[in-house]
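# Chains, contacts and geometry: an overview
Each chain is listed here by its residues.
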Amino acid sequence: MNKPVSILFVGVGGQGTILASKILTEALLEKGYDVKMTEVHGMAQRGGSVTTEVRFGEKVYSPLIEKGDADVIVAFEKSEAVRYLSYLKKSGIIVANDYEIYPVTVTIGEEKYPENVDENLQKTVPNTYIIKAAKLAEDLGNIKAQNVVLLGALVSALNLTGIHWENVIERLVPVKAAELNKKAFKLGYESLK
Amino acid sequence: MKKIMSGNEAIARGAYEAGCHIASAYPGTPSTEILENFAKYDGVYAEWATNEKVALEVVSGASIGGARSFTTMKHVGLNVAADPLFTMAYEGVNGGLVVVTADDPGMHSSQNEQDNRLYAPHAKIAMVEPSDSQECKTFMKEAFKISEEFDTVVLFRSTTRVSHSKSIVELEDRIEVPIKEYTKNIKKYVMIPAHSKKKHYEVEERLEKLREYSNKSSLNKAEINDSKVGVVTSGISYQYAKEVLGDKVSYLKIGFSFPLPDKMIRDFSKKVDKLYVIEENEPYLENAIKVMGISCIGKEIIPICNELSPDIIRKAILGTHIDTPYTIDIKAPNRPPVLCPGCPHRGIFYAVSKYKDVIASGDIGCYTLGMMPPVSVTDTCICMGASISAGLGMEKARELADREGRVFSFIGDSTFFHSGITGLIDSIYNNIPIVTVILDNRTTGMTGHQENPGTGKTLQGKAAPAIDIEKVVLSLGIKKENIRLVDPYNLEETNKAVKEAHQAEEPFVIIAKQECALLKSARAKRAKTRCVIDAEKCKKCKACLKTGCPAINFKDNIVSIDENMCNGCSLCFQVCKFEAISKEGELNE
């Protein structure tokens, strides 16, 4: 039996990691995979560092990903990729949003935001893709769609074919946001080519 | 039909399919979504109760009245509901009665890590423990059957990783179960000493019958693979163990976990050379197995504290770990949770932060974050409702010790209805001059926006009388001159109220009323309002940064406001002494 594929979404509470992983899991279910997803609610959702984990394959037991076992880390905020880097497996992939959110610890001067995160990630992990997801989404008209841009990039990175992504997106986002999100997905998908 | 569902969605579905009629609960992470989902099904009654004790009493009455009923709560909620639980254990049920406790190992959003499995033997009621979403649904249906067959309350124990993980569930139709006849039976339903004495004997007999059932139950399963190593496990720990150890070892997976299947455990232990117990938090299974005289390895290698994970099991049982190939020279800054941009709690905490002699008694809700820098106001947080009562105690201690200071208690609207109101009555009755600040953000915020008795709407979307907190406070006996109703977005008004409260010598109440910035209605209203910093006028005094708003950045020696995060609450505008911040856009009324 093949080992399940593990995807770790990391970001800041409120960035939409849960919706992106929801679209992914629904699509994987349609494709016939066993799939599990786990997420965190409550206190951490208030601007804290958050993770959502998705695992899929023939058979999945644990919804939690072990350190060193993530096939992909999708970072909605750059420095979060750094925080969770130990979860990445050898020859794993990083898809990171070219977007920084300073935590209060930094704005009040207690800590420093790291410099040159992109270069450091690229230097450390060969398969690092920095995506201008926030910018692309903002240009489309709503920065919130950055989550679906990143999802598009992830799907491209994993080469997940044979899924009607547009249909799944249409089903899971509000009607008036459907067109924008479909465009966002496409931009994300193409940004990796 | 197959669907991907969270454990909580599946628990709701299980209750629906089981023909359950009535549900009542108080929101609490990680349990909240169960009632939210159950409430959407046709033909059921679901309500938010004022607290978990009330909720369990509501469903106890519903059960006695013949309806299949259930309540849900987070682990600490069961402490609140423990009083009716222990006596309902004696009374038993008429319609099936299930109590769902969702524990929070790892304390993702909780104040302690108690393991509620220990409640089942203490209350002497049956317990089931699912390990994924499919089991959440199946076990819920079985729980109702067990409840009616054995005349017992059933404790349904989930955890964060069961409740908030999604996996595949096969849906079935609802079984329509008629509401049972109610017959007056005071020996069963009136627990006076004479009746309770007899009942206690019956409860002990019931446990023996449940133990026999446990040994035959399909919820308990032995998977025999290899005779060298056997693992006894339950809940999410089973999934982690299977992930790491696969089919190389044998398993006794316990789904019906009180009373434990003693014969099955004994038989299983004889079939393997070495017995491990893999369980999260307390050694619940392990202690029971050891009492049976069976030797096993458990908490020597599996920690009691924090959430369990496959890594921990791998290290403990196999002594190995997966390599982590990448290390990096830079470090991510700590990112603790904070009050959201535009959070109405910020204004009042900012105002109180100017008084260094304030002792701030906190409570459970987003506003626990009032302890975080830079406002750093909150001193204590114990449990739901404790802000006012603990504040009262601190005030008494302060007075007796002749210490300087002024006690402020901070409590949210929903928490006030939950159990703060009793503390306030105590402070009025005993005339303790504390300041109670009721943060009325028109919703139950932290758990994700549930209606409450003050919002004017029920769980199932019906209009309801909105209980007016100001009138409640007034009618309890707080003098009119000692009540201030303020908009925390208005700093001048808020500062004035805080100053007057600080000087008051009698019980004083400030109601800070402004809707949660994340509420749909608030977002629509403030969609176009923003605050903007004029870099030329900005003197970089950082006064705005001292509000702790995450929308305000200080980068490359420039203070700026993230326009995507800002909702124009204007607190920063009001603290800026150099008129460097301006308000833009109009409110959508």
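Preceding block: the structure.
Summarised in this report is the structure supplied together with it.

The rules we used
- Residues numbered from 1 in each chain as written.
- Chains lettered and ligands numbered in written order.
- Predicted model: local features only at pLDDT ≥ 70, side-chain atom pairs only at ≥ 80, totals over all residues.
- Helix = DSSP H or I, 4+ residues; strand = E, 2+ residues; numbered from the N terminus.
- Pairing = 2+ DSSP bridges.
- Axes fitted to C-alpha atoms, helices over the stretch in contact; angles between N-to-C directions.
- Contact = placed C-beta atoms within 7 Å.
- Buried ≥ 20, exposed ≤ 12 C-beta atoms within 10 Å, placed from the backbone.
- Parallel < 35°, antiparallel > 145°, perpendicular 65-115°, else oblique.
- Left-handed = near helix turned anticlockwise from the far one by under 90°.
- Nonpolar A, V, L, I, M, F, W, Y, C, P; charged D, E, K, R; others polar.

Right, let's get into unusual backbone geometry. All names here are of chain B. A cis amide bond, omega -10°, links Phe258 with the succeeding residue Pro259. For the bond running from Pro373 to Pro374, omega is 10°, close enough to zero to count as cis. The topology assignment puts Pro374 in the loop between strand S14 (358-361) and strand S15 (378-380). Phi at Asp556 is positive, roughly 50°, even though this residue is not glycine.

For the rest of this paragraph, the subject is the sheet that holds S14 of chain B. The pairing of strands in a sheet happens through backbone hydrogen bonds and is either parallel or antiparallel. Residues and elements named next belong to chain B. Taken in spatial order, the six strands line up as S15-S14-S16-S17-S19-S18 in an open sheet, and their pairing is parallel. Single-partner strands in this sheet number two, and they are S15 and strand S18 (483-486). Pairwise comparison of adjacent strand axes, ignoring direction, gives a mean angle of 30° for this sheet. Strand direction decides the pairing type here: S18 and strand S19 (residues 508-513), joined by four bridges, are parallel. Across the sheet, Val486 pairs through a bridge with Ala512, a residue of S19. Lying over the sheet, helix H16 (residues 386-401) contacts S14, S15, strand S16 (406-412) and strand S17 (435-440), oriented at roughly 175° with respect to S16.

A separate point is the pairing of S14 of chain B. All names here are of chain B. A two-sided burial pattern is seen for S14, the buried positions comprising Val358 and Ala360 on one face and Ile359 and Ser361 on the other. One ladder, built from four bridges, connects S14 with S16; its direction is parallel. Bridging from a neighbouring strand, Val358 pairs with Arg406 of S16. Note that S14 and S15 share two bridges and pair parallel. Residue pairing across strands places Ala360 opposite Thr378, the latter belonging to S15.

Of the residues lining the interface, 50 residues belong to chain B; the matching set on chain A comes to 52 residues. Looking at the side of chain B that touches chain A, the elements that each hand over two or more residues are strand S8 (165-170), helix H11 (236-245), helix H14 (310-318) and strand S21 (552-555) of chain B. Bridge analysis of strand S2 (residues 34-39) of chain A against S8 of chain B gives two bridges, and the strand direction is antiparallel. Following the sheet pairing, Thr38 of chain A is matched in S8 of chain B by Ser165 of chain B.

Attention now moves to the packing of helix H15 (residues 345-352) of chain B against helix H19 (residues 491-503) of chain B. Residue and element names in this part refer to chain B. Where H15 contacts H19, the two axes come as close as 9 Å, and the packing angle between them is 50°. If you check the angle between H15 and H19, you find them oblique. Where H15 crosses over H19, the two elements pack in a sense that is right-handed. Together, Gly347, Ile348, Ala351 and Val352 of H15 and Leu491, Thr494, Asn495 and Val498 of H19 make up the contact between the two elements. Each residue belonging to the contact of H15 with H19 can be placed in one class, and the counts come to five nonpolar, three polar and no charged.

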